[in-house]
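Listed below are the residues making up each chain.
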Amino acid sequence: MNQVRAKKYLGQHFLKDMGIAGRIADSLILDGKTSVLEIGPGMGVLTQFLLQNPLIDLTAVELDKESVEYLHQHYPQLNVIEADFLKLDLKTIFPDKFCVIGNFPYNISSQIFFKMLDNKDSIPCLAGMIQKEVAERIAAPAGSKTYGILSVLMQAYYKIEYLFTVHEHVFDPPPKVKSAVIRFTRNEVSKIDCDEQLFKAVVKTSFNQRRKTLRNSLKPLVEAGHPMYADPIFDLRPERLDVAAFIDLTKRVEAALASK
């Protein structure tokens with residue numbers, strides 16, 4: 001087998017530029033010998049560079065049977081797990097820390113990052129290619145129009161770096177959007193200073209109606225008319241709040257719920 005047919009339902013766009021593949025491989029920050037999981041290796045364009053790095057102990061997860069067959073044929077030394085990444089129990093595969101890399105399928109990139117958050121204490125670094133618009137949104141600072149749920153949740157636990165833009169013509173087939181390579185490096189926050197599950201709920205509820213003020217958008221959590229809403233912070237829209245402000249907001253919501 002010399003070629004894998006890109007499948008639209010899997011969101012496959014195979015990278016064909018070796019220079020960009022090498023740059024992605026080099027974007028991981030490694031601390032000595034490191035276990036690395038590549039998501040969706042396809043025909044192994046990125047894989048070949050990862051296998052050349054003596055610091056990387058590489059495992060790949062691939063859902064497409066045709067790609068798995070191709071990888072077994074062309075990279076027999078590669079440990080390939082034929083599975084859906086989103087359904088994997090990562091702790092059974094990696095009992096210790098591991099990094100993540102990939103040319104991620106754009107249709108599941110947000111789900112990949114939410115799963116990453118669930119395993120944040122095991123993943124010190126992730127680097128990968130996603131849709132440019134999504135990368136900009138995650139890296140956006142508070143106050144930006146593109147700042148949103150993933151921006152807050154990821155920035156609470158990771159340093160986010162937008163590394164470089166990738167144009168459509170370096171893929172086969174070319175996507176209809178530009179791409180970008182982004183890097184997440186775990187920060188020093190082992191646990192945020194509030195209830196983490198409530199924090200997620202507050203952030204998601206706030207942005208579900210992002211054009212409204214927090215006083216209106218948070219009504220599903222705390223009923224209208226509660227004394228909590230007298231504070232001027234509730235006159236703001238959610239994109240105005242940085243991570244620290246959302247942590248403070250979560251504490252206010254928690255106190256309001258406890259006072260019922």
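Residues numbered from 1 in each chain as written. Predicted model: local features only at pLDDT ≥ 70, side-chain atom pairs only at ≥ 80, totals over all residues. Heavy atoms only, no water.

Peer 1: How would you summarise the nonpolar core if you had to cite specific residues and measurements?
Peer 2: Core analysis: the biggest nonpolar cluster contains 57 residues, and Phe113, Ile138, Met154, Phe184, Phe199 and Phe246 have the highest contact counts within it. No other element matches the 7 residues that helix H10 (residues 243-258) contributes to this core. The next biggest cluster of nonpolar side chains, apart from the first, holds 29 residues, and it includes Ala25, Val68, Leu78 and Phe171. (Core = buried A, V, L, I, M, F, W, Y, C linked by side-chain atoms within 4.5 Å. Buried < 20%, exposed > 50% of the residue type's maximum accessible area, 1.4 Å probe, protein only. Helix = DSSP H or I, 4+ residues; strand = E, 2+ residues; numbered from the N terminus.)

Peer 1: Can you tell me about the state of the cysteines, naming the residues and giving the values?
Peer 2: Applying the stated rule across the entire model yields 0 disulfides. With no disulfide of its own, cysteine 125 lies 5.0 Å from the sulfur of cysteine 99, the closest cysteine sulfur. Take cysteine 125: its relative accessible area is 1%, and that puts it in the buried class. (Disulfide = S-S within 2.5 Å.)

Peer 1: How would you sum up the pattern of salt bridges? Please name residues and give values.
Peer 2: All told, the structure shown has 12 salt bridges when counted by the stated rule. Notably, a salt bridge pairs lysine 178 with glutamate 168, separated by 3.6 Å at the nearest N-O pair. Within this pair, whereas lysine 178 is found in the loop between strand S8 (171-172) and strand S9 (179-186), its partner glutamate 168 is found in the loop between strand S7 (158-166) and S8, the two being separated by 10 residues in sequence. The class for lysine 178 is partly exposed, based on a relative accessible area of 32%. Take glutamate 168: its relative accessible area is 22%, and that puts it in the partly exposed class. Aspartate 235 serves as the salt-bridge partner of arginine 215, at 2.5 Å between the closest nitrogen and oxygen. A residue pair is termed long-range when its members are at least 10 positions apart, and arginine 215 in helix H9 (residues 214-217) and aspartate 235 in the loop between H9 and H10 qualify at 20 residues. Ionic contacts of the salt-bridge type, sharing partners, join the residues Asp231, Asp248 and Arg252 into one network. (Salt bridge = Lys/Arg side-chain N within 4 Å of Asp/Glu carboxyl O.)

Peer 1: Help me get a handle on the sheet that holds strand S5 (residues 98-103), residues and values and all.
Peer 2: The 7 strands are arranged S4-S3-S2-S5-S6-S9-S7 in an open sheet whose pairing can be described as mixed. The open sheet terminates on both sides in strands that have one partner only, identified here as strand S4 (79-82) and S7. In this sheet, adjacent strand axes meet at a mean angle of 20° when their direction is disregarded. Two strands pair when backbone bridges link them, and S7 and S9 are joined in this way by 8 bridges, in the antiparallel orientation. Within S9, the position partnered with isoleucine 160 by the bridge is phenylalanine 184. Sitting on the sheet, helix H3 (residues 65-74) touches strand S3 (56-62) and S4, and the angle it makes with S4 is about 165°. In this fold helix H5 (residues 109-118) packs onto strand S2 (34-39), strand S6 (125-131), S7 and S9, with an angle of close to 165° to the strand it touches most, S6. (Pairing = 2+ DSSP bridges. Axes fitted to C-alpha atoms, helices over the stretch in contact; angles between N-to-C directions. Contact = heavy atoms within 4.5 Å.)

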